[in-house]
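Fold and contact review
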Amino acid sequence: MLRVTKLVAVAAAATFALAACGGGSSDGSSDAGDTGSAKSDVKVGLAYDVGGRGDQSFNDSAATGLDKAKSEFGIDVKELEASANETDTAREERLRLLAQGGYNPVIAVGFAYATPLGKVAEEFPDVQFGIIDDSSLEKVSNVTSLVFAEEQGSFLVGAIAAEASKSGNVGFVGGVNTPLIQKFEAGFTQGAESVNKDIKVQVKYLTQPPDFAGFNAPDKGETTAQGMIDAGADVIYAAAGGSGSGVFKAISAAGEGNWAIGVDSDQYLTADSAVKDYILTSMLKRVDTAVYDFIKSAVDGKVLTGVQEFDLSDEGIAYSTSNEAVKEYEAKADELKEQIISGDIKVSATP
């Protein structure tokens with residue numbers, strides 16, 4: 001049976017400001033030294049997923065947690081970027097380089113690192129690794145799984161989408177058709193149907209595994225969203241990493257009365273000014289909190305192990321309220337949130 005350790009993750013009232021890392025190098029990495037008031041001898045390595053720092057989504061959320069830890073603890077950090085056409089071999093080598101460089105802990109951002117990490121963790125038993133969005137290595141003692149109840153937050157934004165929709169037709173754009181992204185789809189659909197049992201939910205995935213380019217293909221995101229709009233959707237939820245910017249562009253082009261819903265970070269705060277006012281809310285997945293707490297545990301000398309799960313009850317999952325337009329839907333969303341936390345509503349993790 002899966003042993004899950006619950007973290008008390010306090011969500012910040014606003015998104016942490018992203019700070020640029022100094023000393024970029026030709027291999028897509030960066031080194032950073034002491035920026036805090038006290039210097040820690042912990043060296044942290046972080047390997048990004050496709051899209052990397054600057055994707056205004058999943059990777060940026062991880063970067064925010066890293067930046068906060070760097071600022072507070074004065075740690076040395078090294079970040080390695082992923083390429084557009086990733087392979088397991090490249091991921092494996094990226095993790096190996098960090099471990100060989102004396103970085104401990106090493107954090108792998110994304111479930112795609114699971115197989116490569118299994119190999120590298122065995123080679124470096126004295127290095128503690130953390131992986132976002134995967135628990136398949138739960139029995140490996142030097143791997144910590146940082147996972148989330150994405151379906152819960154997706155349920156809430158699905159309910160908001162159904163309330164905001166005038167056409168009774170909403171859309172879900174997934175980056176890659178994997179069990180993880182299907183959790184977003186499942187919660188979104190269930191949440192929308194909880195408000196309007198007759199609502200139409202269009203579902204499209206940009207790519208199929210092993211092609212993970214769907215997380216960084218804004219053009220595909222835009223084309224797919226435009227097709228949904230043409231088919232009647234007036235609210236679209238994008239769980240597609242960097243491809244979400246294309247969805248936002250299509251929604252803004254459709255004009256007033258159409259809404260996009262962001263994911264992972266508060267995308268209303270980071271999106272281009274031309275589209276931000278069309279982002280009704282975002283499903284907040286506090287990867288920043290997970291990364292920060294994992295690093296803090298290493299600095300404190302009591303590194304977190306096993307499976308660490310974040311959900312609505314500890315605010316590791318939430319929805320954003322930065323756009324004033326979402327206020328009229330907050331009461332219903334908060335009511336549903338309490339019902340999920342209490343167990344009165346069971347949210348499925350599969351479509």
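To start, this report covers the structure provided alongside it. What you are looking at is a predicted structure, and each value in this text was computed from that prediction instead of being measured.

1. Topic: the pattern of salt bridges
Side chains carrying opposite charge are able to pair once their charged atoms draw close together. Evaluation of the coordinates by the stated rule reveals 19 salt bridges. Close ionic contact of K68 with E72 constitutes a salt bridge, the shortest N to O distance being 3.0 Å. Of this pair, K68 and E72 both sit in helix α1 (residues 58-73), separated by four residues, roughly a single helical turn. The shortest N-O distance in the salt bridge between R286 and D288 comes to 2.7 Å. A single network of salt bridges, built from pairs that share partners, joins E92, E93, R96, K119 and E123.

2. A closer look at the side chain of T144
Looking at the secondary structure, you find T144 in strand β7 (residues 143-148). A relative accessible area of 0% means that T144 is categorised as buried. In this structure the side chain of T144 is engaged in a polar contact, spanning 2.6 Å, whose partner is the backbone oxygen of L304. With sequence-adjacent residues up to four places away left out, T144 is seen in contact with Q128, F129, G130, I131, F294, L304, T305, G306 and Q308.

3. Considering empty space enclosed by the protein
Counting across every chain of the model gives one cavity of 30 Å³ or more. Taken as a whole, the largest cavity spans an internal volume of roughly 190 Å³. As for the largest cavity, its lining consists of 19 residues, of which F58, I181, F215, G241 and D264 are closest to the centre. Going through the elements one at a time, α1, α5 (179-195) and β11 (259-264) are the ones with two or more residues in the lining of the largest cavity. The greatest single-element share of the lining of the largest cavity, amounting to three residues, is contributed by α5. For the lining of the largest cavity, the class distribution of residues is 10 nonpolar, four polar and five charged.

4. Details of the sheet that holds strand β10 (residues 235-239)
Pairing within the open sheet is mixed, and its six strands lie in the order β9-β8-β10-β11-β12-β14. The outermost strands of the open sheet, each flanked by one partner alone, are β9 (200-207) and β14 (317-319). With direction set aside, neighbouring strand axes in the sheet form an average angle of 15°. As paired strands, β11 and strand β12 (residues 279-285) are joined by five bridges and run parallel to one another. Looking at β12, one finds that A260 is bridged to I279. Of the strands in this sheet, β8 (169-176), β10, β11 and β12 touch helix α7 (residues 244-254), which is tilted by about 165° from β11.

5. Observations concerning the packing of aromatic side chains
As enumerated under the stated definition, the model contains seven aromatic pairs in all. When the centroid spacing of 5.9 Å and the interplanar angle of 65° are considered together, the rings of F172 and Y205 count as edge-to-face. Within this pair, whereas F172 is found in strand β8, its partner Y205 is found in strand β9, the two being separated by 33 residues in sequence. Assessed through its relative accessible area of 0%, F172 is described here as buried. Judged by relative accessible area, Y205 falls into the buried class, the value being 18%. Aromatic side chains F172 and Y237 sit 5.7 Å apart centroid to centroid with 65° between the ring planes, which places their arrangement in the edge-to-face category. Placement of F172 in strand β8 and of Y237 in strand β10 is noted, with a sequence separation of 65 residues between them. Like F172, the residue Y237 is buried in the burial classification.

6. Observations regarding the nonpolar core
Core analysis: the largest hydrophobic core is formed by 65 residues, its most contacted members being F184, F188, Y237 and V291. With eight residues, helix α4 (residues 150-164) is the single largest residue contributor to this core. Of all hydrophobic cores here, the second largest spans 19 residues; its members include L80, V106, L117 and I131.

7. Here's the deal with the pairing of β12
Every other side chain in a regular strand lies on the same face of the sheet, so the side chains alternate between the two faces. β12 sits mainly inside the fold: seven of its seven residues count as buried. Where β12 meets β14, three bridges bridge the pair, whose relative direction is antiparallel. Bridge pairing links K285 to I317 in β14.

8. Describing helix α6 (residues 218-230)
Because an α-helix packs 3.6 residues into every turn, residues spaced three or four apart end up facing the same way. Between the first and last C-alpha of α6 there are 18 Å, a value that for 13 residues agrees with the 18 Å anticipated at 1.5 Å per step. If you check which residues of α6 are buried, you get G221, T224, A225, M228 and I229. All buried residues of α6 fall inside an arc of 140° around its axis, so they share one side. Facing away from the buried surface of α6 by more than 90 degrees, the exposed residues are D219, T223 and D230. Close packing links the buried residues of α6 with β8, β9, β10 and α7.

Parameters and conventions
- Residues numbered from 1 in each chain as written.
- Predicted model: local features only at pLDDT ≥ 70, side-chain atom pairs only at ≥ 80, totals over all residues.
- Heavy atoms only, no water.
- Salt bridge = Lys/Arg side-chain N within 4 Å of Asp/Glu carboxyl O.
- Helix = DSSP H or I, 4+ residues; strand = E, 2+ residues; numbered from the N terminus.
- Buried < 20%, exposed > 50% of the residue type's maximum accessible area, 1.4 Å probe, protein only.
- Polar contact = N/O pair within 3.5 Å; in protein donor to acceptor, adjacent residues only side chain to side chain.
- Contact = heavy atoms within 4.5 Å.
- 1 Å grid on protein atoms, 1.4 Å probe; cavity = no way out; pocket = protein on both sides within 12 Å on 5 of 7 lines; lining within 4 Å.
- Points joined across faces, edges and corners; volume = space filled by probe spheres on them.
- Nonpolar A, V, L, I, M, F, W, Y, C, P; charged D, E, K, R; others polar.
- Pairing = 2+ DSSP bridges.
- Axes fitted to C-alpha atoms, helices over the stretch in contact; angles between N-to-C directions.
- Phe/Tyr/Trp six-rings, centres within 6.5 Å; stacked < 30°, edge-to-face > 60°.
- Core = buried A, V, L, I, M, F, W, Y, C linked by side-chain atoms within 4.5 Å.
- Expected span 1.5 Å × (residues − 1).
- Arc of directions from axis to C-beta.

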